[in-house]
Amino acid sequence: GQSGLGKSTMVNTLFKSKVSRKATQPGREERIPKTVQLQSVTHVIEEKGVKMKLTVTDTPGFGDQINNENCWDPIIKYINEQYERYLREEILITRKRKIPDTRVHGCVYFVPPTGHWLRPLDLEFMRRLSKIVNVVPVIAKADTLTLEERAEFKQRIQRDLKAHAISVYPQEDFDEDPDDRALNDRIREENPVHRGGGGKGNGKRVLGRKTKWGIIEVENPMHCEFPMLRDLLIRSHLQDLKDITHNVHYESYRVRRLNES
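Residues numbered from 1 in each chain as written. Predicted model: local features only at pLDDT ≥ 70, side-chain atom pairs only at ≥ 80, totals over all residues. Heavy atoms only, no water.

Asker: Before we go on, may I ask you to explain the side chain of H105 in this structure?
Answerer: Within the secondary structure, H105 is located in the loop between helix 2 (73-90) and strand 3 (107-111). At 3.3 Å, the side chain of H105 forms a polar contact with the side chain of D101. Excluding residues that lie within four positions of it along the chain, H105 makes contacts with N134, L241, K242 and T245. (Helix = DSSP H or I, 4+ residues; strand = E, 2+ residues; numbered from the N terminus. Polar contact = N/O pair within 3.5 Å; in protein donor to acceptor, adjacent residues only side chain to side chain. Contact = heavy atoms within 4.5 Å.)

As structure tokens, then:
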């Protein structure tokens, strides 16, 4: 998503720690470049003795230019490079017992809260990326919309995605278990999930943002759907994201590459 939609805040809130790259203003050397040059930050997160290696890849400058023609190319190239790296390790005669996995398992795409419809840039990005990676659309800063605007915007996005045959995660074609289908149907009805602003509210210790009308709590389902997004990414569907990446997206890349050679 483009700058200023709260990507870093969302990632930091998701893992309740500062895991995304630093978005600073003052020093010129620290300023984030306004080019679509991907930046990856890797962390080992530990919770109650369970460790998880997390890599966050950011796209500063995506969609910020006057001419955004082919601005998704560096992202597609990066994703395919990770597939290529895995493939090279896999076809070695003496390969490692555990191949280092740098593949992208999920792409969270931030939709600007216009309240109208998806922009051509959003549609083209998701159309191209959904074929090679699991795309999860999110309405950024949804607290800038009224409840009626938000509901209507969500319906328009769903119609746009259907009209352009864009399949976002969780994909209906890959539902095998009836219980999984029931859960995924509920998620698909809510897609794209909406999330309010981040930061910490004053007084009561909650994750959220304080306004003159009150505190918008990030983890309150009545205020935003962040809990659903968190469950989708790091709880209920974490292994499924990996499985679909390996069995569907990587497999299609592997078949294509081996046919070429």
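There's plenty left to go through after this.
Asker: Looking at this model, I keep getting lost on the layout of surface pockets. Mind explaining?
Answerer: Remark: the empty space left among the atoms is shown by a probe the size of a water molecule rolled over them. Estimates place the volume of the largest pocket at around 1500 Å³. Listed by contribution, the elements that provide at least two residues to the lining of the largest pocket are helix 1 (7-15), strand 1 (39-47), strand 2 (50-58), helix 2, strand 3, helix 6 (226-234) and helix 7 (238-260). Looking at which element gives the most residues to the lining of the largest pocket, the answer is strand 2, with 7 residues. (1 Å grid on protein atoms, 1.4 Å probe; cavity = no way out; pocket = protein on both sides within 12 Å on 5 of 7 lines; lining within 4 Å. Points joined across faces, edges and corners; volume = space filled by probe spheres on them.)

Asker: Is there a simple way to think about the environment of M126 in this case?
Answerer: Take M126: it is sitting in helix 3 (residues 120-129). Taking the C-alpha atoms as reference, M126 lies 7.8 Å from V168; in sequence the two are 42 residues apart.

Asker: Would you mind going over helix 4 (residues 147-163) with me for this structure?
Answerer: Three or four residues apart is the spacing at which side chains of an α-helix point the same way, because the helix has 3.6 residues per turn. In this model helix 4 runs 24 Å from its N-terminal to its C-terminal C-alpha over 17 residues, within 8% of the 24 Å that 1.5 Å per residue would give. Taken as a whole, helix 4 has its buried residues at R150, F153, K154, I157, D160 and L161. Buried residues of helix 4, seen end-on, are gathered within an arc of 125° and therefore sit on one face of the element. Away from its buried face, by an angle of more than 90 degrees, helix 4 presents the exposed residues E148, R159, K162 and A163. Count one or two residues on from helix 4 and you reach A165, which has phi positive near 55°. (Expected span 1.5 Å × (residues − 1). Buried < 20%, exposed > 50% of the residue type's maximum accessible area, 1.4 Å probe, protein only. Arc of directions from axis to C-beta.)

Asker: Which parts of the structure should I look at to understand the packing of helix 1 against helix 6?
Answerer: To describe two helices that pack against each other, one gives the angle between their axes and the distance between the axes. For the pair helix 1 and helix 6, interaxial distance at closest approach is 11 Å and the crossing angle is 70°. Looking at the two axes, helix 1 sits roughly perpendicular to helix 6. Mapping the contact onto sequence places M10, T13, L14 and F15 in helix 1 and F226, L229, R230, L233 and I234 in helix 6. Of the residues contributing to the contact of helix 1 with helix 6, the split by class is 7 nonpolar, 1 polar and 1 charged. (Axes fitted to C-alpha atoms, helices over the stretch in contact; angles between N-to-C directions. Parallel < 35°, antiparallel > 145°, perpendicular 65-115°, else oblique. Nonpolar A, V, L, I, M, F, W, Y, C, P; charged D, E, K, R; others polar.)

Asker: Please clarify how the nonpolar core should be interpreted in this entry.
Answerer: Most often, soluble globular proteins keep nonpolar side chains buried together rather than apart. I79, F125, M126, L129, V133 and V135 are the most contacted members of the largest nonpolar core, which totals 34 residues. Sorting the residues of this core by element identifies helix 2, strand 3, helix 3, strand 4 (135-139), helix 4 and helix 7 as the ones contributing at least two each. The element contributing the most residues to this core is helix 2, with 7 residues. Excluding residues within four positions of it along the chain, V135 makes contact with C107, Y109, M126, L129, S130, V168 and Y169. With 24 residues, the next largest nonpolar core counts V11, V19, Y169 and L232 among its residues. (Core = buried A, V, L, I, M, F, W, Y, C linked by side-chain atoms within 4.5 Å.)

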